[in-house]
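# What the coordinates show
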Amino acid sequence: MSEHTKNIPETPSLDGVEARWMQRWEADGTYRFDRTATRDQVFAIDTPPPTASGSLHIGHVFSYTHTDTVARFHRMRGKSVFYPIGWDDNGLATERRVQNVTGVRCDPTLPFDPDFAAPFNGDVPKDHRAIPVSRPNFVSLCHGVIHADEVVFEQLVRRLGISIDWSFLYTTVGPRAQRVSQLAFLHNLARGEAYQQDAPTLYDIDERTAVAQAEMEDRDVPGAYHKLAFHRSDGAGDLLIDTTRPELLASCVAMVAHPDDARYQPLFGSTVRTPLFEVEVPVLAHHLAEPDKGTGIAMICTFGDTTDVTWWRELNLQSRALIGFDGRMAIETPEWITEPAGRVAYAQVSGLAPKQTQRKIVELLIESGEMLGEPRPISHPVKFYERGTRPLEIVATRQWYIRNGGRDETLRNALLARGEELTWHPAYMHNRYQNWVGGLNGDWLISRQRFFGVPIPLWYRLDGEANPLYEEIFTPDEAQLPIDPSVTCPAGFTEDQRGKPDGFVGDPDVMDTWATSSMTPHIAGGWIDDPDLFARVFPMDMRPQAHDIIRTWLFGSVVRSHHEHGCLPWSNAAISGWILDPDRKKMSKSKGNVVTPINLLEEYGTDAVRYWAASGRPGVDTAFDEGQMKIGRKLGTKLLNATKFVLGFGAPPADAVPTAALDRAMLARLADVIDESTRALDEFDYARALERTEAFFWWFCDDYVELVKGRAYGTQGDDAAHSARAALRQALDIIHRLFAPFLPFVAEEVWSWWQEGSVHAASWPDAAPLVSLGDVSLLVPVSEVLAAVRRAKTEAKLSQRAAVEELTIEGPASALAAVEACRTDLAEAGGVTEFTLSEGPALMTNVRLAPSTDVRTPH
RNA sequence: GGGCGCAUAGCUCAGUUGGUUAGAGCACCGCCCUUACAAGGCGGGUGUCGGGGGUUCGAGUCCCUCUGCGCCCACCA
């Protein structure tokens with residue numbers, strides 16, 4: 001340990017440490033990935049790419065801190081840490097912003113206009129009608145907006161002191177991500193893992209796009225049972241059904257009841273006429289019909305819900321879809337309504353939106369007397385797009401899918417096995433994965449009828465009438481990627497054949513944002529353009545993320561890696577919880593209860609905010625708590641002061657070693673702390689590691705330093721002083737390193753006062769040399785006696801400086817031996833003149849204070 | 001309907017394979033300008049460990065059951 005303690009400031013302060021050290025780390029390349037390291041020497045992290053628009057969220061601070069502590073730990077253990085980050089900028093959020101800011105909307109059927117300029121930049125008048133632009137024009141506007149956002153956002157993330165290697169920054173809509181995403185898709189296609197299907201699909205009528213199962217949620221919404229009368233063809237009366245969606249009546253294709261339901265068995269095979277529209281439909285049997293739901297018999301419509309789809313498929317029914325992509329009823333009266341009265345009725349709902357249709361139908365049914373009684377209000381779960389406002393409708397569309405086990409038992413089992421293979425932190429999060437994979441009811445729908453994303457890199461042949469032949473696919477050459485099929489044409493064609501008879505047309509869709517972000521290990525790791533790097537980092541070690549996106553990001557990544565490489569993309573999933581406000585509600589923008597972390601970082605300092613974050617147990621939703629930040633701030637200040645004090649004793653001679661029993665016991669206790677902290681961090685339990693280090697540190701300051709400071713000053717001679725100083729410095733050196741992952745700024749600050757290089761490049765402490773140095777059990781009775789002395793003085797309302805005339809200690813031999821071994825230190829720290837030791841069953845301490853000090857001076 | 005998690009001091013939470021009198025911090029109260037730190041230090045009170053039952057020499061910890069809260073999933077006529 002070299003003696004260059006001249007860097008210690010007069011009054012240590014936390015102010016400015018962030019700016020100072022952030023700059024230094026950047027200049028020195030402290031967190032740069034060493035790409036000469038081989039795979040076994042690397043610790044690779046698949047960092048969540050945040051959405052760069054908007055502001056930094058407290059949840060980012062929370063979970064990114066967790067990951068960073070682990071990253072710093074592994075770096076100190078000698079790994080080359082691959083810690084990249086990217087911005088997730090593709091997708092709907094960006095589109096919405098661009099539409100609002102520039103006053104345009106995307107119309108993918110339009111041709112690219114190289115001279116187009118957006119009509120607005122920020123203030124779009126209320127009455128402005130959005131100007132339609134081509135997809136390439138729209139995409140270019142999107143790029144402009146996100147670039148500005150990302151510059152700002154990077155500064156915010158840097159402020160967190162996360163030890164990212166910024167040279168690996170990527171975006172999910174950038175050329176590299178597009179290339180990775182498109183190539184992976186083409187591989188999926190070539191291997192048969194990607195396929196297209198024209199089928200009923202859950203569809204958001206506002207966003208005008210198909211939605212994957214993973215992006216749906218159930219919401220309880222009010223509805224009502226309407227009792228409708230269907231008329232038996234044999235004239236024997238009416239058949240009553242209950243429906244919550246009378247507006248679908250015109251799409252009714254059949255009636256269905258359970259095969260064992262005696263009430264309806266006689267009707268199976270017969271037909272009934274629908275009310276209002278007078279369409280003849282068959283009465284059928286199917287086991288999914290529930291006898292005790294409603295009247296036990298249901299109308300099947302194409303399509304009211306996913307059960308309708310099942311019935312439609314399994315009973316080979318006709319398709320009578322009337323709801324369009326905009327959710328409105330078809331304009332033309334459908335040909336299956338043949339009765340004049342029925343056609344008149346339909347004309348009244350033609351072109352109406354779902355709610356209007358329902359109102360009108362109910363009105364007509366009441367008039368005709370075919371609705372019995374009043375609608376009975378209920379509350380029932382309905383599927384929504386998670387960011388949508390109106391219920392999803394089911395519309396038949398052609399979409400692309402990637403196989404994810406939802407329709408294939410073998411694949412499902414293989415993916416469940418991947419889940420077993422993955423190490424989950426905390427372990428119970430594995431349940432969510434199993435739950436999700438086990439409950440899949442279809443493959444992964446990856447095509448979106450959106451614009452700002454990674455285009456599906458395909459073209460289709462057009463027939464003689466310019467209709468697409470979807471089975472005749474043209475794929476681009478790998479070297480061409482990334483491509484936008486709306487501006488590039490397939491090999492063997494020229495641009496003037498686009499959209500023409502016997503020509504080609506590009507796929508108009510983009511991929512689901514998760515279809516790209518499921519490839520983050522590949523994007524960050526240079527799968528295509530840097531195979532050397534990829535071999536050093538893949539499969540990665542750690543995927544940190546929140547629990548709400550296990551079904552999307554985590555599962556999607558497992559699916560893609562399983563298909564592409566036949567392995568997991570990483571070995572550990574570290575799942576963080578959410579931030580709850582003090583009322584235990586999830587903090588989110590929509591609830592309006594978010595706190596802006598920047599203010600917190602400024603008020604308490606980054607380390608203090610990180611301290612709060614690192615106290616949140618892995619996977620556990622954690623309450624936002626400024627109190628913890630105050631404590632973190634206090635801890636940082638304490639570390640400054642304690643370091644200054646300890647270094648102030650001066651360095652012992654180079655060959656000095658701890659000889660005193662107390663010093664050696666302290667170091668042995670520290671060995672235990674190193675052990676526990678190391679084990680905890682190895683298991684991604686940063687919170688436990690911090691807690692142990694912190695507890696030790698406060699004991700070290702409060703008891704150990706107080707006991708030895710006199711001796712360290714030299715009150716017991718040089719040898720004794722050297723032992724204390726050697727132990728103090730040794731402990732300090734370790735404490736700084738143990739805190740480094742948690743309080744990176746203050747740890748670096750104090751380290752810089754007396755050490756060479758960055759603490760973050762220093763080695764993680766090793767417990768081995770300290771373990772057998774001393775007897776930890778010595779410390780307990782010594783601390784107890786010290787506390788007893790302090791208590792006596794406090795109770796006597798005396799200063800801690802007050803002298804103790806006699807200290808009588810009764811206790812077991814081991815305790816007495818401990819006290820004896822530290823007698824002089826105890827005497828100095830407690831101001832004790834005389835010790836009397838005697839054996840007894842339990843440790844008891846009697847403190848006789850000196851009478852001369854037992855008087856309080858007036859002021 | 002299925003699954004998971006949580007329930008410990010007024011508050012936020014520890015309590016690792018069952019092992020003495022259940023811990024920390026905050027808050028509250030008291031004392032102390034002690035030569036690192038008064039935006040500090042020292043000390044103090046506070047618990048039917050959600051209820052009930054069981055296993056055990058011994059249960060906050062393991063098993064069963066009930067209750068409450070939260071989350072995930074589910075084909076929602």
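Within each chain, residue numbers correspond to sequence positions counted from 1 in written order. Note on labels: chains are lettered from A, ligands numbered from 1, in written order. Residue-level local features of this predicted model are given only where pLDDT is at least 70; pairs of side-chain atoms are given and counted only at 80 or more, and the full residue set underlies all totals for whole chains, interfaces and linings. Water and hydrogen atoms play no part in the side-chain values, which are based on all heavy atoms of the structure.

With that out of the way, let us pick up the pattern of salt bridges. Any Lys or Arg side-chain nitrogen located within 4 Å of an Asp or Glu carboxyl oxygen qualifies as a salt bridge. The full count for this structure, using the stated rule, is 53 salt bridges. Measuring nitrogen to oxygen at the nearest pair gives 3.1 Å for the salt bridge that ties R77 to D682. One end of the pair, R77, is in the loop between α2 (58–76) and β2 (80–82); the other, D682, is in helix α18 (residues 661–682), and 605 residues separate them in sequence. In this scheme, a residue with accessible area under 20% of its type's maximum is buried, one over 50% is exposed, and one in between is partly exposed, where area comes from a 1.4 Å probe on protein chains only. A relative accessible area of 36% places D682 in the partly exposed class. Connected through salt bridges with shared partners, the residues R35, D530, D532 and R536 form a single ionic network. Numbering of helices and strands starts at the N terminus; helices are DSSP runs of H or I of at least 4 residues and strands are runs of E of at least 2.

Attention now goes to the sheet that holds strand β16 (residues 393–402). One open sheet holds the four strands; their spatial order is β8-β7-β16-β18, and the pairing between them is antiparallel. Edge positions in the sheet fall to β8 (209–210) and β18 (444–445), since each has one partner strand and no second. By definition, two strands form a pair when at least two bridges between them are found by DSSP. The pairing of strand β7 (residues 194–204) with β16 spans 10 bridges and is antiparallel. Residue Y203 lies in a different strand from β16, and its bridge partner there is E393.

Before going further, it helps to examine the confidence of the model for chain A. Reading fine detail from the predicted coordinates is not recommended where pLDDT is low. Scored between 0 and 100, pLDDT is the confidence that the predictor attaches to each residue. Per-residue pLDDT for chain A averages 90, and the proportion of residues at 70 or more is 97%. Throughout, a residue-residue contact means that at least one pair of heavy atoms, one from each residue, lies within 4.5 Å. Counting contacts from residues 853–859, a segment whose pLDDT is below 50, to residues more than four positions away or on other chains yields five contacts. Across the assembled chains, the prediction reports ipTM 0.93 with pTM 0.92.

Next up on the list: the packing of helix α16 (residues 606–614) against helix α21 (residues 744–752). Two elements in contact, α16 and α21, have axes separated by 7 Å at closest approach and are oriented at 125°. By the angle class used here, α16 and α21 are oblique. Residue-level inspection shows T606, D607 and R610 of α16 in contact with α21, the latter providing P744, F745 and V746. Gly is put with the polar residues, along with every residue not named as nonpolar or charged; the nonpolar set is Ala, Val, Leu, Ile, Met, Phe, Trp, Tyr, Cys and Pro, and the charged set is Asp, Glu, Lys and Arg. Across the contact of α16 with α21, the residue classes tally to three nonpolar, one polar and two charged. To get an axis, fit a line to the C-alpha atoms, keeping to the stretch in contact for a helix; angles then go from 0 to 180 degrees between the N-to-C directions. Here the word oblique covers every angle except those under 35 degrees (roughly parallel), over 145 (roughly antiparallel) and from 65 to 115 (roughly perpendicular).

Let's shift gears to unusual backbone geometry. A cis amide bond links T302 with the next residue in sequence, F303, at an omega value of -5°. Tracing the chain through its elements places F303 in the loop between β14 (297–301) and α6 (306–314). Located in the positive-phi region is A466, a residue other than glycine, with phi close to 70°. Locating A466 in the fold gives a position in the loop between β20 (459–462) and β21 (468–474). Phi is positive for K797, close to 55°, though the residue is something other than glycine. As for its placement among the helices and strands, K797 is situated in the loop between α23 (779–795) and β28 (804–811).

Looking at the element boundaries, G192 is found in the loop between α5 (175–190) and β7. G192 gets classed as partly exposed once you look at its relative accessible area, which sits at 29%. Measuring from C-alpha to C-alpha, the distance between G192 and I402 comes to 8.8 Å, with 210 residues separating the pair along the chain.

Moving on to the environment of P597. Note that P597 resides in helix α15 (residues 597–604). For P597, a relative accessible area of 1% corresponds to the buried category. Placed 187 residues apart in sequence, P597 and E784 show a C-alpha to C-alpha distance of 42 Å. Aside from chain neighbours lying at most four places away, what touches P597 is L56, H57, I58 and V61.

Our focus in this paragraph is the packing of helix α17 (residues 626–648) against helix α20 (residues 718–739). With their axes 10 Å apart at the nearest point, α17 and α20 run at an angle of 155° to one another. Considered as vectors, α17 and α20 are oriented roughly antiparallel to each other. You can see that α17 and α20 cross each other, and the crossing is left-handed. For the pair α17 and α20, contact is made by L635, L639, T643, V646 and L647 and by L728, R729, L732, I735, H736 and F739, respectively. Split into classes, the residues belonging to the contact of α17 with α20 amount to eight nonpolar, two polar and one charged. Whether a crossing is left-handed or right-handed is set by the direction in which the near helix is turned from the far one by less than a right angle, anticlockwise for left-handed and clockwise for right-handed.

Moving on to the protein's contact with RNA strand B. In the region of RNA strand B, 51 residues are neighbours, and D242, T243, T307, P381 and R551 sit closest. The criterion for a residue being near a molecule or strand is simple. One of its heavy atoms has to lie within 4 Å of it. Close to the protein, within 4 Å, the atoms of RNA strand B belong to sugar or phosphate groups at a rate of 69%. Measuring from a sugar or linking oxygen of RNA strand B, one finds a backbone N or O atom of T243 at 2.9 Å. A 3.5 Å cut-off defines polar contacts: any pair of N or O atoms within that distance qualifies, except that in protein one atom must be a possible hydrogen donor and the other a possible acceptor, and neighbouring residues in sequence count only when both atoms are side-chain atoms. Here N641 contributes a backbone N or O atom positioned 3.4 Å from a base nitrogen of RNA strand B. At the level of secondary structure, the elements contributing two or more residues to the surface near RNA strand B comprise β9 (216–232), β10 (238–243), α6, β15 (371–385), α10 (430–438), α17, α19 (686–713) and α23. Per element, the largest residue contribution to the surface near RNA strand B is nine residues, and it comes from α19. Classifying every residue of the surface near RNA strand B gives 15 nonpolar, 13 polar and 23 charged.

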